[in-house]
Amino acid sequence: MTAPVSEPDALDLGLPAEVRAPGLPEEVRIHEVGPRDGLQNESALVPVDVKAEFIARLAAAGLRTVEATSFVHPKWVPQLADAEELAPRLAGLPDRHPGLRLPVLVPNERGLDRALAHHATDIAVFASATETFARRNLNRSADEAMAMFRPVVARATEAGIRVRGYLSMCFGDPWEGPVPAEQVIGFGVQLLEMGCTELSLGDTIGVATPGQVTALLDGFGRAGVPVDRLAVHFHDTYGQALSNTLAALRGGVTTVDASAGGLGGCPYAKSATGNLATEDLVWMLHGLGIRTGVDLRALVSTSGWMARQLGRPSPSRTVQALLGQDRD
């Protein structure tokens, strides 16, 4: 009796087929947020050794920007209370993977002090484009939060550290509804003017649509902000993350945030579901002939491994499609 022949998977068959589209970048840098933004909303504490291996696997898969953790007060985000314990475990990774950057989130000067003590080379601050979310997430007004970040950014810049600015609720807010583009641009310009080298525009609750993305990017352009200073951070609540990303690429954006396996949410906005899955993003980008430097099979294997650590399937459609044939 002849043994059944196993069906090759899509990657074995040379899929996705590469078809270049006009007006798109040749290369995209993926800002991987899985270890920080992806895990921060997990209710069961993930062991620090698992987090360290997760980051090491992501780096081995070719991701060169992996947001590692956050130096926030442990009572606000208990999942990331082990930042001091995690940081030394990552010390040798940049030597093994040249060009690897491991940004950490800092909420204030105390967080910056902790990051500096662990020789951080990249940090991020997180602001809100809406008043309600600023008060719920940062326990202060949006303007007060900006004032808090100024000395953080100044000190970090003086120390030679790159600073990324996150701006949440750029397209819609669960309490305030639609967010005016002028409001988003106003806060975004403040972050850039205080010294942030990059601004990530967050669709925190996943309500954006492509026209909205294009209009906001155009608005930043009219305000004199070069598109190479902008990144996008989409959640897939309504299944719009990839279409929004494509709109951003057509607008000239070349840095896209994503989370391995589609992990994530926001502890301060219950309507914020998972981030754009890195695997789904890579599948689309590679199909468009856009370079990422990412080994998709290795990335799928990593997200499959992480899903087993968490005890549930990955929500990434690409992981679901390939995991049955995954050679872990």
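Residues numbered from 1 in each chain as written. Predicted model: local features only at pLDDT ≥ 70, side-chain atom pairs only at ≥ 80, totals over all residues. Heavy atoms only, no water.

Caption draft 1: Quick peek at the packing of aromatic side chains. Under the criterion given, the structure shown has 1 aromatic pair. With centroids separated by 6.2 Å and ring planes inclined at 40°, the aromatic side chains of Phe171 and Phe234 adopt a geometry described as tilted. Within this pair, whereas Phe171 is found in the loop between β5 (162–168) and β6 (172–173), its partner Phe234 is found in strand β9 (residues 230–234), the two being separated by 63 residues in sequence. Both residues of the pair, Phe171 and Phe234, belong to the buried class. (Phe/Tyr/Trp six-rings, centres within 6.5 Å; stacked < 30°, edge-to-face > 60°. Helix = DSSP H or I, 4+ residues; strand = E, 2+ residues; numbered from the N terminus. Buried < 20%, exposed > 50% of the residue type's maximum accessible area, 1.4 Å probe, protein only.)

Caption draft 2: Here's a closer look at the packing of helix α8 (residues 181–193) against helix α9 (residues 210–222). Viewed as axis vectors pointing N to C, α8 and α9 meet at an angle of 50°, and their least axial separation amounts to 10 Å. In terms of orientation, α8 lies oblique with respect to α9. You can see that α8 and α9 cross each other, and the crossing is right-handed. Within the contact between the two elements, α8 uses Ala181, Val184, Ile185, Gly188 and Val189 and α9 uses Leu216, Gly219 and Phe220. Broken down by class, the residue content of the contact of α8 with α9 amounts to 6 nonpolar, 2 polar and no charged. (Axes fitted to C-alpha atoms, helices over the stretch in contact; angles between N-to-C directions. Parallel < 35°, antiparallel > 145°, perpendicular 65-115°, else oblique. Left-handed = near helix turned anticlockwise from the far one by under 90°. Contact = heavy atoms within 4.5 Å. Nonpolar A, V, L, I, M, F, W, Y, C, P; charged D, E, K, R; others polar.)

Caption draft 3: Structural view of the sheet that holds strand β10 (residues 255–258). Strand order across the open sheet formed by 8 strands is β1-β10-β9-β8-β5-β4-β3-β2, with parallel pairing between neighbours. Unpaired on one side and paired on the other, β1 (29–32) and β2 (69–70) mark the two borders of the sheet. Bridge count between strand β3 (residues 104–105) and strand β4 (residues 122–128): 2 bridges; the pairing is parallel. Note that in β4 the partner of Leu105 across the bridge is Ala124. Contacting β4 and β5, helix α7 (residues 142–158) crosses the sheet at an angle of about 170° to β4. Of the strands in this sheet, β4, β5 and β8 (198–203) are in contact with α8, which crosses β5 at around 165°. (Pairing = 2+ DSSP bridges.)

Read these as layout, nothing more, since geometry by itself doesn't imply function.
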